[in-house]
Amino acid sequence: MAAGPGMELGRLEYLQALVTEFQVTDSPEAKEQVLANLANFAYDPKNYEYLRQLQVLDLFLDTLAEDNESLVEFAIGGLCNLCLDKTNKDYILEANGVEPVINCLSSSNEETVMSAVTTLMYLTTPQSCQQTTALPVVECMLRFSLSANRRLSNLATVFLEDYCTPLQVEEARNLSRHTAVGIPLPKD
């Protein structure tokens, strides 16, 4: 059965109820559940306009600064789902969203790191590549490419091969030979 106009209104109202619940609840568990639901709704292009209208992109971006690792995981997952859309990508870039995404690379949560790497890929444009493939990011991807975690090493290798120039990779390799400082690998 096809969804009629009433179903679309119901979708917006439901998403609004989730956003409101996230904003008013004091329960960390409830916040996590709501944010996980919003991240899942961010997967469906039918919801993009509603999520923009409800400022869920800002909610996700703001949540990246939280101390609660589960909230950060769901927020970066939601952004990862949303930034495939050009309007959403442009919004995230204009809202200075690259830096908070880069900060997620230092998470000890594997899913957060995987979503952050993927989000950086999706956010890379000719205009944003100076930020998304900055030397510290390339250095981090080199370290991730050596990880025993196959998912992470494969994703980092794709990032290095498809989003970085050979010169950037070489420069990062040379720099990392001379320093012991780096972003820690996530725990399995």
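Residues numbered from 1 in each chain as written. Predicted model: local features only at pLDDT ≥ 70, side-chain atom pairs only at ≥ 80, totals over all residues. Heavy atoms only, no water.

Peer 1: How would you summarise the pattern of salt bridges if you had to cite specific residues and measurements?
Peer 2: Applying the stated criterion across every chain, the model contains 6 salt bridges. When the shortest N-O distance is used, the salt bridge between Arg52 and Asp85 registers 3.0 Å. Of this pair, Arg52 sits in helix α3 (residues 48–53) while Asp85 sits in the loop between α5 (69–82) and α6 (86–94), and the two are 33 residues apart along the sequence. The partner of Glu110 in a salt bridge is Arg151, and the shortest N-O contact between them spans 2.8 Å. Placement of the pair is Glu110 in helix α8 (residues 110–123) and Arg151 in helix α11 (residues 150–163), with a sequence separation of 41 residues. Arg151 gets classed as partly exposed once you look at its relative accessible area, which sits at 42%. (Salt bridge = Lys/Arg side-chain N within 4 Å of Asp/Glu carboxyl O. Helix = DSSP H or I, 4+ residues; strand = E, 2+ residues; numbered from the N terminus. Buried < 20%, exposed > 50% of the residue type's maximum accessible area, 1.4 Å probe, protein only.)

Peer 1: Let's hear about the packing of α5 against α8: which residues, and what values?
Peer 2: Interaxial distance between α5 and α8 falls to 9 Å at its minimum, and their mutual angle equals 25 degrees. As judged from the angle between their axes, α5 and α8 are roughly parallel. As for the relative orientation of α5 and α8, their crossing is left-handed in sense. On the side of α5, the interface is formed by Glu69, Val72, Glu73, Ile76, Gly77, Leu79 and Cys80, while α8 contributes Glu111, Thr112, Ser115, Ala116, Thr118, Thr119 and Tyr122. Of the residues contributing to the contact of α5 with α8, the split by class is 6 nonpolar, 5 polar and 3 charged. (Axes fitted to C-alpha atoms, helices over the stretch in contact; angles between N-to-C directions. Parallel < 35°, antiparallel > 145°, perpendicular 65-115°, else oblique. Left-handed = near helix turned anticlockwise from the far one by under 90°. Contact = heavy atoms within 4.5 Å. Nonpolar A, V, L, I, M, F, W, Y, C, P; charged D, E, K, R; others polar.)

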